[in-house]
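# Observations on chain architecture
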Amino acid sequence: MTINRDSSTEQDGWRASPAETMKGALKDLNLNIVEMTDETATLDGGDVLFTGREFFVGLSKRTNQRGAEILADAFKDYAVSTVPVLEGLHLKSFCSMGGPGLIVIGSSEHAQKALKIMQQMSDHRYDKLTVPDDLASNCIYMNLPDKGHVLLHCTTEEFPESAKVFEKLKDHMLIPVSNMEKAKVDGALTCCSVLINKKANI
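Presented here is a report on the structure given in the accompanying data block.

Quick notes on the rules
- Residues numbered from 1 in each chain as written.
- Predicted model: local features only at pLDDT ≥ 70, side-chain atom pairs only at ≥ 80, totals over all residues.
- Heavy atoms only, no water.
- Helix = DSSP H or I, 4+ residues; strand = E, 2+ residues; numbered from the N terminus.
- Buried < 20%, exposed > 50% of the residue type's maximum accessible area, 1.4 Å probe, protein only.
- Contact = heavy atoms within 4.5 Å.
- Disulfide = S-S within 2.5 Å.
- Salt bridge = Lys/Arg side-chain N within 4 Å of Asp/Glu carboxyl O.
- Pairing = 2+ DSSP bridges.
- Axes fitted to C-alpha atoms, helices over the stretch in contact; angles between N-to-C directions.

Next up on the list: the environment of Ala 68. You can see Ala 68 is positioned in helix H2 (residues 65-74). Here Ala 68 falls in the buried class, since its relative accessible area comes to 3%. Residues Ala 68 and Asp 44, 24 residues apart in the sequence, show an inter-C-alpha distance of 9.8 Å. Not counting residues up to four positions away in its chain, the partners in contact with Ala 68 are Leu 43, Val 57, Val 80 and Thr 82.

What follows covers the state of the cysteines. Applying the stated criterion across every chain, the model contains 0 disulfides. Distance from the sulfur of Cys 154, which forms no disulfide, to the nearest cysteine sulfur (Cys 139) is 8.5 Å.

This model, assessed by the stated rule, comprises 7 salt bridges. The closest approach of N and O atoms between Asp 44 and Arg 62, which form a salt bridge, is 3.4 Å. Of this pair, Asp 44 sits in the loop between strand E3 (32-35) and strand E4 (48-50) while Arg 62 sits in the loop between strand E5 (54-59) and H2, and the two are 18 residues apart along the sequence. Owing to a relative accessible area of 28%, Arg 62 belongs among the partly exposed residues under this scheme. Residues Glu 109 and Lys 113 are paired through a salt bridge, measuring 3.3 Å at the closest nitrogen-oxygen approach. Here the residue Glu 109 and the residue Lys 113 both occupy positions in helix H3 (residues 109-121), the gap between them amounting to 4 residues, near one helical turn. Using a relative accessible area of 58% as the deciding quantity, one classes Glu 109 as exposed. Each of Asp 38, Arg 66 and Glu 69 takes part in a single network of salt bridges with overlapping partners.

What follows is about the sheet that holds strand E10 (residues 140-144). Across the sheet, which stays open at both edges, the 3 strands sit in the order E10-E11-E12 with mixed pairing between neighbours. If you trace the sheet from one side to the other, it starts and ends with E10 and strand E12 (173-176), each paired once. Strand-to-strand twist across the sheet, computed as the mean angle between neighbouring axes with direction ignored, equals 20°. Sheet topology places strand E11 (residues 148-153) next to E12; 4 bridges connect them, and they run parallel. In the sheet register, Val 150 faces E12, and the bridge partner there is Met 173.

See below:
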């Protein structure tokens, strides 16, 4: 997870090689790296939702309370709240950020329960965009110079009804991106991206 000039990298053994590669890239960008050395801690990026104001951390098969505590310690300027992930792989399997203050959320019962918990824990009020398919809620928002609000989201071939919902975001540049192949190995759009708010001189 990278926020401004800080970053947290996973310590999980089966991700060691990608983690080392990412660590080198983050060092090249002069980002501060916080490593998890507690072997009891687990933290998956797919369980970390940063809203721009605070963090929500899903407690799932891949992330535990100790991992959330280490994240909170690394980002002391932000509130960190935990959300139980009762179904699905991780938190971003049914929610993500669709813009400033906008949470895209799936329509399943467990997704809506998680949203209610987030709303109760937060001091901020978020807008929501509910999509019929939980997996379609996994999208990537960017605020790009000269482009404005840009959103990468599911295609009509994957989730036709959910794709229609995204069309309501008239102030966004909408870019449908297929996730069909990545889904075969439990991948999602956010799994394949690292967003860094920093100009790179590389």
